[in-house]
Amino acid sequence: MDLSLINQELFNGITCDVWRNDKHEIFMTTEQLALCIGYQTKRGLTKLIEKNKYLKNREFSVRVKLTSTDGKKYDTRLFTFDGIQEVLFLAPKSDFAREFREWTRSVLNAYFKGELVKAKEIAKATATRRTMTQAINESPHFEQKNHIIFSNLLAKLVSKGRFNSVVGMRKALGRPKAKLKQMLDTPEELQALQKYESSITSLLDLGFDYHRIAEFLTTKKAVNAPQQ
């Protein structure tokens, strides 16, 4: 089976390799899946497989040769999207497993549906959010608790006024725990989020307070803020 590494995503500090074959099926390795659902090593998941041997069926997992960091190829079990869901059903219940189940819906499900552009834009938006967060923390105008006012501003800007807050957006869409970027439907909306976050970061670096930032972005309808 020919596989290609199409992306790497982070979950709770764990790098998750997302593999795809020529039929656009999605796979994850046993070791990474084990860590993501809370096992200390892959041995815990290996024991689960031995107790539920049907997980070795092609529907749920396959064995392939993958190149390791040492340049050598090793026989590795990869789980399909259905296999990942089945493992989550069988694995001991834990906060880790619950969080990973939510993660698969927001990220792996995008790949499963062929929404590769959306998943890549989510990754970009996540990287941008870290930059904006740092800018807020370093601004003399704000405390850490003030992050929510910028999240609400972003929700209003990206939704073009349909929602005034992240909480309101969650209630309207029936997504009580979703992050803002997970509630956006199109690559264009995700790109707009990234640009608005970059604008806010630049304006914070210029010393703008919240009211000046909100006024600038609302009245100018601009996502390209002035540079230092």
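Cut-offs applied
- Residues numbered from 1 in each chain as written.
- Predicted model: local features only at pLDDT ≥ 70, side-chain atom pairs only at ≥ 80, totals over all residues.
- Heavy atoms only, no water.
- Helix = DSSP H or I, 4+ residues; strand = E, 2+ residues; numbered from the N terminus.
- Contact = heavy atoms within 4.5 Å.
- Areas by Shrake-Rupley, 256 points an atom, 1.4 Å probe, with all protein chains shown as cover.
- Core = buried A, V, L, I, M, F, W, Y, C linked by side-chain atoms within 4.5 Å.
- Buried < 20%, exposed > 50% of the residue type's maximum accessible area, 1.4 Å probe, protein only.
- Pairing = 2+ DSSP bridges.
- Arc of directions from axis to C-beta.
- Salt bridge = Lys/Arg side-chain N within 4 Å of Asp/Glu carboxyl O.
- Phe/Tyr/Trp six-rings, centres within 6.5 Å; stacked < 30°, edge-to-face > 60°.

**Q** Lay out the overall build of the protein with the relevant residues and their values.
**A** The helix and strand inventory of the protein stands at 9 helices and 5 strands. Listing the helices and strands of the protein from first to last along the sequence gives β-β-β-α-α-β-β-α-α-α-α-α-α-α. When contacts within the protein are restricted to residue pairs at least 6 apart in sequence, long-range pairs at least 24 apart make up 51% of them. Split by element, the accessible area of the protein, about 13000 Å² in all, is 49% carbon and sulfur.

**Q** Residues and numbers for the nonpolar core, please.
**A** Generally speaking, nonpolar side chains in soluble globular proteins are found buried as a group. By size, the foremost hydrophobic cluster in this structure holds 27 residues, and its most contacted members are F150, L154, M169, I200, L204, I213 and L217. For this core, the secondary-structure elements that each account for two or more residues are α5 (116-138), α6 (147-158), α7 (166-173), α8 (187-205) and α9 (210-220).

**Q** Lay out the pairing of strand β5 (residues 73-80) with the relevant residues and their values.
**A** Consecutive residues of a regular strand have side chains that alternate between opposite faces of the sheet. Pairing of strand β3 (residues 26-29) with β5, which is carried by 3 bridges, proceeds in the antiparallel orientation. Within β5, the residue paired with T29 across the bridge is L78. Note that strand β4 (residues 61-67) and β5 share 7 bridges and pair antiparallel. Residue K65 lies in a different strand from β5, and its bridge partner there is D75.

**Q** So, helix α2 (residues 43-51): which residues are in play, and what are the values?
**A** Among the residues of α2, those classed as buried are G44, L45, L48 and I49. Looking down the long axis of α2, one finds its buried residues gathered within 140° of arc, a one-sided arrangement. The elements touched by buried residues of α2 are α1 (30-36), β5 and α3 (81-90).

**Q** How would you sum up unusual backbone geometry? Please name residues and give values.
**A** The phi torsion of most residues other than glycine is negative, and most of the peptide bonds are trans. A positive phi angle, near 55°, is found at K160, a position not held by glycine. A relative accessible area of 78% places K160 in the exposed class.

**Q** Which residues make up the pattern of salt bridges, and what values go with them?
**A** Tallying each qualifying case throughout the model produces 6 salt bridges. Two residues, E25 and R58, come together in a salt bridge whose shortest N-O distance is 2.8 Å. Residue E25 is found in the loop between β2 (14-21) and β3, and its partner R58 is found in the loop between α2 and β4; the two are separated by 33 residues along the sequence. Between K56 and E50 there is a salt bridge, with the nearest N and O atoms lying 3.2 Å from each other.

**Q** Go over the packing of aromatic side chains, please, and point to the residues and values.
**A** Scanning all chains against the criterion turns up 2 aromatic pairs. Considering the side-chain rings of F150 and Y210, the 5.5 Å spacing of their centres and the 80° angle between planes classify their relative orientation as edge-to-face. In this pair, F150 is assigned in helix α6 and Y210 in helix α9, connecting sequence segments 60 residues apart. For Y210, a relative accessible area of 22% corresponds to the partly exposed category.

**Q** Explain the pairing of β3 residue by residue, including any values.
**A** A two-sided burial pattern is seen for β3, the buried positions comprising I26 and M28 on one face and F27 and T29 on the other. Bridging between β2 and β3 involves 2 bridges; their strand directions are antiparallel. Paired with R20 across the strands is I26, a residue of β3. Between β2 and β3, which pair antiparallel and follow one another directly, the connecting turn spans 4 residues, one of which, H24, has a positive phi of 65°.

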